[in-house]
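Descriptive structure summary
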Amino acid sequence: MNPHVVEMLKVLERRYSVDRDDMTLGDWICANTKLRGRPFTFSRYPFQEQIANDEHPNMDVMKISQIGLTEVQIRKALAWLRRINGLRLIYTMPNEKMYKRIYKGRVKPLVDENAIFNTEQDAGAIRSMDIMQFGRSFLYITDSTEGSATSIDADGLLNDEVDLMDQNMLGLFRSRLQGSDYRINQRFSTPTHEGFGISLGFDQSDQHYYMVRCDACRHWNDPLFTRDFVHIDGLPDDMEDLSEIDNELVPNLDLLNAYVHCERCHAPLDLGRTDNRQWVAKYPSRDHARGYRVRPFST
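These lines cover the structure that appears in this document, whether it is placed above or below. (Residues numbered from 1 in each chain as written. Predicted model: local features only at pLDDT ≥ 70, side-chain atom pairs only at ≥ 80, totals over all residues. Heavy atoms only, no water.)

In terms of burial, strand S3 (residues 58-62) is largely enclosed, as 4 of its 5 residues are buried. The pairing of S3 with strand S8 (residues 184-189) spans 5 bridges and is classified as parallel. Within the sheet, the bridge partner assigned to Met-59 lies in S8 and is Gln-186. (Buried < 20%, exposed > 50% of the residue type's maximum accessible area, 1.4 Å probe, protein only. Helix = DSSP H or I, 4+ residues; strand = E, 2+ residues; numbered from the N terminus. Pairing = 2+ DSSP bridges.)

Quick look at the packing of helix H2 (residues 25-32) against helix H4 (residues 69-83) now. Packing of H2 against H4 leaves a shortest axis separation of 10 Å and a crossing angle of 90 degrees. For the element pair H2 / H4, the angle class is roughly perpendicular. Along the contact surface, H2 presents Leu-25, Trp-28 and Ile-29, while H4 presents Arg-75, Lys-76, Ala-79, Trp-80, Arg-82 and Arg-83. A class-by-class count of the residues in the contact of H2 with H4 yields 5 nonpolar, no polar and 4 charged. (Axes fitted to C-alpha atoms, helices over the stretch in contact; angles between N-to-C directions. Parallel < 35°, antiparallel > 145°, perpendicular 65-115°, else oblique. Contact = heavy atoms within 4.5 Å. Nonpolar A, V, L, I, M, F, W, Y, C, P; charged D, E, K, R; others polar.)

The next subject is the pairing of strand S7 (residues 156-160). Taken residue by residue, a regular strand's side chains alternate between the two faces of the sheet. Where burial is concerned, most of S7 is hidden: 5 out of the 5 residues are buried. Neither face of S7 is open: one carries Gly-156, Leu-158 and Asp-160, the other Leu-157 and Asn-159, and all of them are buried. The pairing of strand S4 (residues 88-92) with S7 spans 4 bridges and is parallel. In the strand pairing of S7, Ile-90 is matched with Leu-157. As judged from the 5 bridges shared by S7 and S8, these two strands associate in the parallel manner. Each bridged residue has a counterpart across the sheet, and for Leu-157 the counterpart in S8 is Asn-185.

Across all of its chains, the model carries 9 aromatic pairs by this definition. Ring centres 5.0 Å apart and planes at 80 degrees place the aromatic pair Trp-279 and Tyr-292 in the edge-to-face group. Within this pair, whereas Trp-279 is found in strand S13 (residues 277-281), its partner Tyr-292 is found in strand S14 (residues 290-293), the two being separated by 13 residues in sequence. The burial state of Trp-279 is the same as that of Tyr-292; both residues are buried. Aromatic rings pair up to connect Tyr-45, Phe-47, Tyr-210, Trp-279 and Tyr-292 into one cluster. (Phe/Tyr/Trp six-rings, centres within 6.5 Å; stacked < 30°, edge-to-face > 60°.)

Right, here's the structure in full:
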């Protein structure tokens, strides 16, 4: 290949991201960032992609642990900052220990290892634990204290693990968005109590569930770990609550042939495909608040 062309391509890579007007945030993340040296992809957890693409200004995601959504949300924040010059985002964790851990374990390695966040326009940029600069955009990473909530004005606010926060701090942080035209506030958390924190926000939203369509009868299901959906040979007929399965009962169960089935026709459901899965809003008319509930069978 022409060495002059090779050098030109290297210069372009240092200066610009792969971007188009019609490119979603998820597409941008996959095109411009890597994970463990390989291009980032949603192939392992396809349910993540719509959440990554969603730019709704008022969003609650009720999730389970260890499914990569913190990773996705950090990449989403960095994508916003890289694509919109002059943007200011606040990313909060419940306490100082958690925010330092997320910076050292997630944010800093991601920024250091991806060339898109270290272009020529980033020369001399501020890069510290609490402030990271990308061109003329800034990411503020902080704990959820009153001092942090009253000292920074921003365009966007991403609250991680909100159920572990002092709930009064959510309002204080939101007040920092008043001077912005964007006013984005997206919240993520594992739930702790019904009607509290992320559960309360989700209840007031349009409530998206990751449904799976039955190949036999075409019914859309929201699978739960109950007898309405889970078939396990050997279960006692009078056991209604599957959480009561204990070590004494396990030897009597045929776990290798257990399966999730359609609640209507009881045909087995294929949870491993993407063509039969879709995020569906229970209350689509509630356009003022977006909500997603990630269940164990979503993964």
